[in-house]
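# Structure assessment
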Amino acid sequence: MSTIRYQANGRAFAHIARFHPELTALRRDLHAHPELGFEEVYTSARVEEALRAAGVDEIHTGIGKTGVVAVIRGQSTGSGRMIGLRADMDALPMCEDNDFAWRSAKGGLMHGCGHDGHTAMLVGAARYLAATRHFDGTAVLIFQPGEEGFAGARVMVEEGLFERFPVDSVYAMHNWPGMAPGTVGINSGPMMAAADRITIDVTGKGGHGAHAYQTVDPVVVTAHLITAIQTIVSRNVRPLDTAVVSLCAMQAGDLGAFSVVPGRATLVGTVRTFNPKVQAEVEWRLVELCSSVARGFGASAQVKFEKIYPATINTAAEALFAGDVAQALVGARNLERNMEPSMGAEDFSFMLGVKPGAYLRIGQGVKEGAYLHNSRYDFNDEILPLGAAMHAGLIEQGMPLSAGGQAMENAKVRASELQASSTV
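The protein chain goes by M20 aminoacylase family protein in an unreviewed UniProt entry, where it is assigned to Variovorax dokdonensis.

Put into structure tokens, the structure is as follows:
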């Protein structure tokens, strides 16, 4: 039975709410059968099955290994427009501590980030759009594998996603436990940070702990590096900019060899930034600082800086438009248009790197402190119709049937005006 404890407006929401129980059943089935990136065989099959039942026009599989793309044409396609909607499908390599009936059936695997819900929401949008087709253009629904560290979005793009489906813009959303159900958040600019991995290898000279003067102790060098690296942000990055440098792991020596000074030590951590110039500055300072500090002790340090995911940056016009769609759905009081960016990362950034678009957050609330990537987390099925209706609204309002429907054009004009006023 459908249970919805928030207010939402519009024909799409009312329509989708009628099959809320079926979306819930799908979401819980996906939750019980989690799969890692590029291994989403069961998930992709369930998505394909649901899309065929919905009556979409085309289903394409094997893009990005286990990715699925559905095409739905509107009542008219005279506008020539094409809009993409993306949902991620993969789970996490973690154990689940929940005890409900749909908990993970696979040890060590869990949908701890809500991608099961994202997939079900986009399936719900597909079912509605295929039934009503109240738009002029083509909707492209992208079910993406491997978001959790596998860069599935990059793989899909590299395998010709947007050459095969040349969308004008692309949108995605992620559940957000820190926001209440029935709310939406967005901003015109950075939504998620770039995620980089740093590995610092320190080479000294090992020896006997009782004769440390005969060694070049990499543990001591590493201790100084840990302290010195904390100054990179505070003394090199403008206070108005944003950066995080975190050293999260250290390995040196053998715990059973209490009197042996090792010859090497390794630090591993992450850098998070929004601005490529800040990212480059942090990388340069890391290399220079580590090399100089190590050399001062007679050791050497090599820094490996791996750029994993770029920053997720919403384009202004598309963010304004998505905000308008959300406002029509949930009301101005339940929309945050200046959402605070997160220092987390998201591989939807690869799609936004080649197409205009926007990334939204949809509130789902939190139960018992079970935030994202928590072993007690579960997606809130209450918001499934809202997310599906949000997807549908982006299609219907972005490619309206009526000549008077100019939501996207109006957003572009407003974005241009805002940009012009900010440079005066």
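This part covers helix H4 (residues 115-132). With 18 residues, H4 extends 26 Å from end C-alpha to end C-alpha; this agrees with the ideal 26 Å at 1.5 Å per step. The buried count for H4 comes to 15 of 18 residues, which makes it a mostly enclosed element. Following H4 by one or two positions, Arg-133 has its phi on the positive side, about 50°.

Following both chains from N to C, one finds helix H2 (residues 20-32) and H4 inclined at 145°, their axes separated by 9 Å at the closest point. Remark: the crossing between H2 and H4 carries right-handed chirality. Packed against H2, whose contacting residues are Glu-22, Leu-23, Leu-26, Arg-27, Leu-30 and His-31, the element H4 presents Asp-116, Gly-117, Thr-119, Ala-120, Val-123, Gly-124 and Arg-127 at the interface. Class assignment for the residues of the contact of H2 with H4 results in five nonpolar, four polar and four charged.

This part covers the packing of aromatic side chains. Per the stated rule, a full pass over the model turns up six aromatic pairs. Ring geometry for Tyr-309 versus Phe-350: centroids 5.8 Å apart, planes at 85°, classification edge-to-face. Here Tyr-309 is found in strand S13 (residues 300-309), whereas its partner Phe-350 is found in helix H11 (residues 349-352), with 41 residues between them in sequence. This pair shows no difference in class: Tyr-309 is buried, exactly as Phe-350 is.

Taken together, four strands build an open sheet; the order of strands is S10-S12-S8-S13 and the sheet is antiparallel. Lying at the two open borders of the sheet, with one neighbouring strand each, are strand S10 (243-252) and S13. Taking each pair of neighbouring strands and ignoring which way they run, the sheet shows an average axis angle of 20°. Taken together, the nine bridges between S10 and strand S12 (residues 264-273) define a ladder with antiparallel strand orientation. Across the sheet, residue Met-250 finds its bridge partner in S12, namely Leu-267. On the sheet, helix H9 (residues 276-296) packs against strand S8 (194-203), S10, S12 and S13 and is oriented at approximately 160° with respect to S13.

Moving on to the sheet that holds strand S3 (residues 82-88). Read across the sheet, eight strands follow the order S1-S2-S4-S3-S5-S16-S6-S15 without closing on themselves; strand pairing throughout is mixed. Each of the sheet's edge strands pairs with one partner strand only, and the pair in question is strand S1 (58-63) and strand S15 (335-336). In this sheet, strand S4 (residues 138-144) lies alongside S3 in parallel orientation, the contact comprising seven bridges. Bridge pairing in S4 links Ile-83 to Ala-139. Along the sheet face, H4 touches strand S2 (67-73), S3, S4, strand S5 (169-176) and strand S16 (357-363) and points at about 145° away from the line of S3.

What follows concerns a nonpolar patch on the surface. A grouping of Val-219, Ile-226 and Met-250 is seen on the molecular surface, where their side chains present a nonpolar patch of about 210 Å² in accessible area. Its location among the elements puts Ile-226 in helix H7 (residues 218-229). Overall, the relative accessible area of 31% leaves Ile-226 in the partly exposed class.

Another point: the pattern of salt bridges. The tally for this structure, following the rule as stated, stands at 23 salt bridges. A salt bridge links Arg-197 to Glu-306, with the nearest nitrogen and oxygen atoms 3.4 Å apart. Here the residue Arg-197 occupies a position in strand S8, and Glu-306 occupies one in strand S13, the gap between them amounting to 109 residues. Using a relative accessible area of 39% as the deciding quantity, one classes Arg-197 as partly exposed. By relative accessible area, which is 25% here, Glu-306 ends up partly exposed. Where Arg-264 meets Asp-201, a salt bridge forms, and the shortest distance between an N and an O atom there is 3.9 Å. Of this pair, Arg-264 sits in strand S12 while Asp-201 sits in strand S8; the two residues are 63 residues apart in sequence, bridging distant segments of the chain. In the salt-bridge network here, residues are joined through shared partners; they are Arg-27, Arg-28, Asp-116, Asp-378 and Asp-381.

Moving on, we come to the side chain of Ser-342. Position of Ser-342 relative to the elements: it lies in the loop between S15 and H11. Assessed through its relative accessible area of 14%, Ser-342 is described here as buried. From its side chain, Ser-342 meets the backbone nitrogen of Gly-344 in a polar contact 3.0 Å long. In this view, Ser-342 contacts Trp-176, Met-191, Met-192, Ala-193, Phe-274 and Arg-361; residues no more than four positions away in its chain are not counted.

Parameters at a glance
- Residues numbered from 1 in each chain as written.
- Predicted model: local features only at pLDDT ≥ 70, side-chain atom pairs only at ≥ 80, totals over all residues.
- Heavy atoms only, no water.
- Helix = DSSP H or I, 4+ residues; strand = E, 2+ residues; numbered from the N terminus.
- Expected span 1.5 Å × (residues − 1).
- Buried < 20%, exposed > 50% of the residue type's maximum accessible area, 1.4 Å probe, protein only.
- Axes fitted to C-alpha atoms, helices over the stretch in contact; angles between N-to-C directions.
- Left-handed = near helix turned anticlockwise from the far one by under 90°.
- Contact = heavy atoms within 4.5 Å.
- Nonpolar A, V, L, I, M, F, W, Y, C, P; charged D, E, K, R; others polar.
- Phe/Tyr/Trp six-rings, centres within 6.5 Å; stacked < 30°, edge-to-face > 60°.
- Pairing = 2+ DSSP bridges.
- Patch = residues over 30% accessible without salt bridge, like charges linked within 9 Å, V, L, I, M, F, W, Y side chains within 5 Å.
- Areas by Shrake-Rupley, 256 points an atom, 1.4 Å probe, with all protein chains shown as cover.
- Salt bridge = Lys/Arg side-chain N within 4 Å of Asp/Glu carboxyl O.
- Polar contact = N/O pair within 3.5 Å; in protein donor to acceptor, adjacent residues only side chain to side chain.

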